[in-house]
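# Residue-level structural notes
Each chain, letter by letter, is given below.
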Amino acid sequence: MTPAARLQAILDLMQEVDSVDRPADAVISAWFRARRDVGAEDRGPISETYYALLRAHARLGWWLARHGREDTPRNRLLAFLVLDGKKTRDEVARLFSGGMSAPAPLTDNERALLVKLQGGRMDSPSMPEEVRLECPAWALEPFRNRFGAEFEREMAALLTPAPLDLRVNPIKAKREDMVQALRELGLPAEPSVSAPFGIRVRERPSLSRLTMLKSGEVEIQDEGSQLVALLMDARPGERVVDFCAGAGGKTLAIAAQMANKGHVIACDVMEGRLKRGAERFRRAGLHNIETRLLASETDRWVKRHKGTFDRVLVDAPCSGTGTWRRNPDARWRTLGAGLETLLPQQARILASAARLVKPGGRLVYATCSMLPDENEGQVASFLAAHPDFRVLPLTEVAPELPPSAHPDYLSLTPARHDMDGFFAAVLQRAPLPPVA
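In this report, the structure presented in the accompanying data block is examined. (Residues numbered from 1 in each chain as written. Predicted model: local features only at pLDDT ≥ 70, side-chain atom pairs only at ≥ 80, totals over all residues. Heavy atoms only, no water.)

The next subject is the packing of helix α2 (residues 24-34) against helix α3 (residues 40-55). Where α2 meets α3, the axes come as close as 12 Å, and the angle between the chain directions of the two elements is 155°. Classified by the interaxial angle, the pair formed by α2 and α3 is roughly antiparallel. Crossing of α2 over α3 shows right-handed handedness. Contacts between α2 and α3 involve Ala24, Asp25, Ile28 and Phe32 from the former and Arg43, Ile46, Ser47, Tyr50, Tyr51 and Leu54 from the latter. For the contact of α2 with α3, the per-class residue count stands at seven nonpolar, one polar and two charged. (Axes fitted to C-alpha atoms, helices over the stretch in contact; angles between N-to-C directions. Helix = DSSP H or I, 4+ residues; strand = E, 2+ residues; numbered from the N terminus. Parallel < 35°, antiparallel > 145°, perpendicular 65-115°, else oblique. Left-handed = near helix turned anticlockwise from the far one by under 90°. Contact = heavy atoms within 4.5 Å. Nonpolar A, V, L, I, M, F, W, Y, C, P; charged D, E, K, R; others polar.)

Now the structure itself:
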């Protein structure tokens, strides 16, 4: 595709994402599947530019409002080309030529906008702090309280593109072999710093090139997510529940950790997610996993299996603030992240799932949030109501992990660890007293 044709494709994609209430990554994947005219060599540049536009959402909107322009995909792209791409008005006009596959020619109003923006910078000292940092107003004080002196550094890290992290499936492959295979594809692949089966690729290749994904030899999984699964310390032969399994990313890691022995039950209230997970389990060659659809967190199945599992993971639904660099649209899709609904839901899920843990067993509560109310606050409330559980400090259960932002819990942040923001607390139920 020509540079102009790529810009038209980006405009089409922007309009598609704006027209539906779905996460951008899902819309982009579906859009590329439908657009067979967009080749593999064009998908990377198109998606990279689109994600860069998302990361500049508030700042572009501020510039357009400052110059009295409507916030439309086309105006947003024009502003981006000048402020981020440093293109002149004439360079933009040549791209917006109205020729074959190119965007329609510039209007007089658009030309005037380009003149006003010329010489400007994406960041302006006149911008309010929340605009400059691309932070929704509702999250400004919670994040400032959470990070203190590190606030701006952490918010800046959330605006950087996330690397591609992979987890090697030890049932099917060895990490050194997969690193070599990726390098032979010309990709800058290195073993992850902390995750024992992780690989980091400092590039966003077309996933169709990665045959090891299709064969189940590797899975896409952020290194922080891999470390959360590691905290389960699931052993071969044990009985384990992934209570909010979704499409099964952590379930896969746990089942492989158990060397395909024992019993893992992947639970969720969304049947579609479990079906996608089941496909991944088969592709990975894991046969120690069972899926279980729940009507709610208090499904009768929970009561029937009370106190019968060695390990229970609660990867709770959350605001997703820790994934904003990977999903930059998420910060704008839900006003206030729905915390008034999420916080009581998290508490109910954690309390219900805890019933499954046998005496002496382990309960791991995790989120991909960096907000204390969803993390330390939930754990504190749970422990106050469940005195038969205690915290297992991170230094005791996983001293090999990188220094956490919390002394007892796993607390990862993009700036400090170059991973998504994850939280995990390891709790243990009191064992039964010895028989006299």
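Moving on, we get to the nonpolar core. Core analysis: the largest hydrophobic core is formed by 45 residues, its most contacted members being Tyr50, Leu60, Leu77, Val92 and Phe96. Residue assignment for this core shows that the elements contributing at least two residues are α1 (3-19), α2, α3, α4 (57-66), α5 (73-83), α6 (89-95) and α7 (108-117). Here the element with the most residues in this core is α1; it accounts for eight residues. When residues no more than four places from it in sequence are discounted, the contact partners of phenylalanine 96 are Leu7, Leu11, Arg74, Leu77, Leu78, Leu81, Pro103, Ala104, Pro105 and Leu106. In this structure, Leu231, Leu274, Leu313 and Ala398 belong to the second largest nonpolar core, which totals 36 residues. (Core = buried A, V, L, I, M, F, W, Y, C linked by side-chain atoms within 4.5 Å. Buried < 20%, exposed > 50% of the residue type's maximum accessible area, 1.4 Å probe, protein only.)

On the basis of which strands lie adjacent, the open sheet formed by four strands has the order β2-β3-β1-β4 and antiparallel pairing. The sheet is open, and its two edges are formed by β2 (189-191) and β4 (218-220), each paired on a single side. Put simply, the sheet's adjacent strands are angled 30° from each other on average, direction ignored. Note: β2 against strand β3 (residues 198-201), three bridges, orientation antiparallel. Residue alanine 189 lies in a different strand from β3, and its bridge partner there is valine 201. (Pairing = 2+ DSSP bridges.)

Now for the pattern of salt bridges. Close approach of charged atoms allows side chains of opposite charge to pair. Enumeration according to the criterion identifies 30 salt bridges in this entry. Where lysine 275 meets glutamate 271, a salt bridge forms, and the shortest distance between an N and an O atom there is 3.9 Å. Residue lysine 275 and its partner glutamate 271 are located together in helix α15 (residues 271-283), separated by four residues, close to a single helical turn. Classification of glutamate 271 as partly exposed rests on a relative accessible area of 45%. Arginine 292 is the salt-bridge partner of glutamate 290, the closest N and O atoms lying 3.5 Å from each other. Where salt bridges share partners, they join Asp165, Arg200, Arg202, Asp222, Glu223, Arg325, Arg326, Asp418 and Asp420 into one cluster. (Salt bridge = Lys/Arg side-chain N within 4 Å of Asp/Glu carboxyl O.)

Bringing the packing of helix α13 (residues 223-230) against helix α14 (residues 249-257) into the picture now. The description of two helices packed together rests on the angle between their axes and the distance between the axes. Two elements in contact, α13 and α14, have axes whose closest approach is 9 Å; the angle formed by their N-to-C orientations is 50°. Considered as vectors, α13 and α14 are oriented oblique to each other. Crossing geometry of α13 relative to α14 is assigned as right-handed. Residues Ser225, Val228, Ala229 and Leu230 of α13 form the contact with α14, whose own contacting residues are Lys250, Ala253, Ile254 and Gln257.

Another point: the environment of serine 192. Mapping serine 192 onto the fold places it in the loop between β2 and β3. Owing to a relative accessible area of 7%, serine 192 belongs among the buried residues under this scheme. A distance of 3.1 Å separates a polar atom in the side chain of serine 192 from the backbone nitrogen of isoleucine 199. (Polar contact = N/O pair within 3.5 Å; in protein donor to acceptor, adjacent residues only side chain to side chain.)

Attention now moves to the pairing of strand β5 (residues 239-242). Here β5 pairs with strand β6 (residues 263-268) via four bridges, running parallel. Across the sheet, residue aspartate 242 finds its bridge partner in β6, namely alanine 266. Here β5 pairs with strand β8 (residues 309-315) via three bridges, running parallel. Within β8, the residue paired with valine 241 across the bridge is valine 312.

This next bit is on the pairing of strand β9 (residues 357-367). Taken across its eleven residues, β9 has eight buried, putting it largely inside the fold. Pairing between β8 and β9: six bridges, direction parallel. In the sheet register, arginine 311 faces β9, and the bridge partner there is arginine 362. Relative to strand β12 (residues 423-429), β9 runs antiparallel, the two sharing six bridges. Along β12, the bridge assignment pairs alanine 366 with alanine 424.

Of the positions making up helix α9 (residues 137-147), those classed as buried are Ala139, Leu140, Phe143, Arg146 and Phe147. All buried residues of α9 project into a common sector of 145° when viewed along the axis, lining one side. Counted as exposed and oriented over 90 degrees from the buried face of α9: Ala137 and Asn145. Tucked inside the fold, the buried residues of α9 contact α8 (129-132), α10 (151-157) and β11 (410-411). Looking one or two residues past α9, glycine 148 carries a phi angle of roughly 60°, positive in sign. (Arc of directions from axis to C-beta.)

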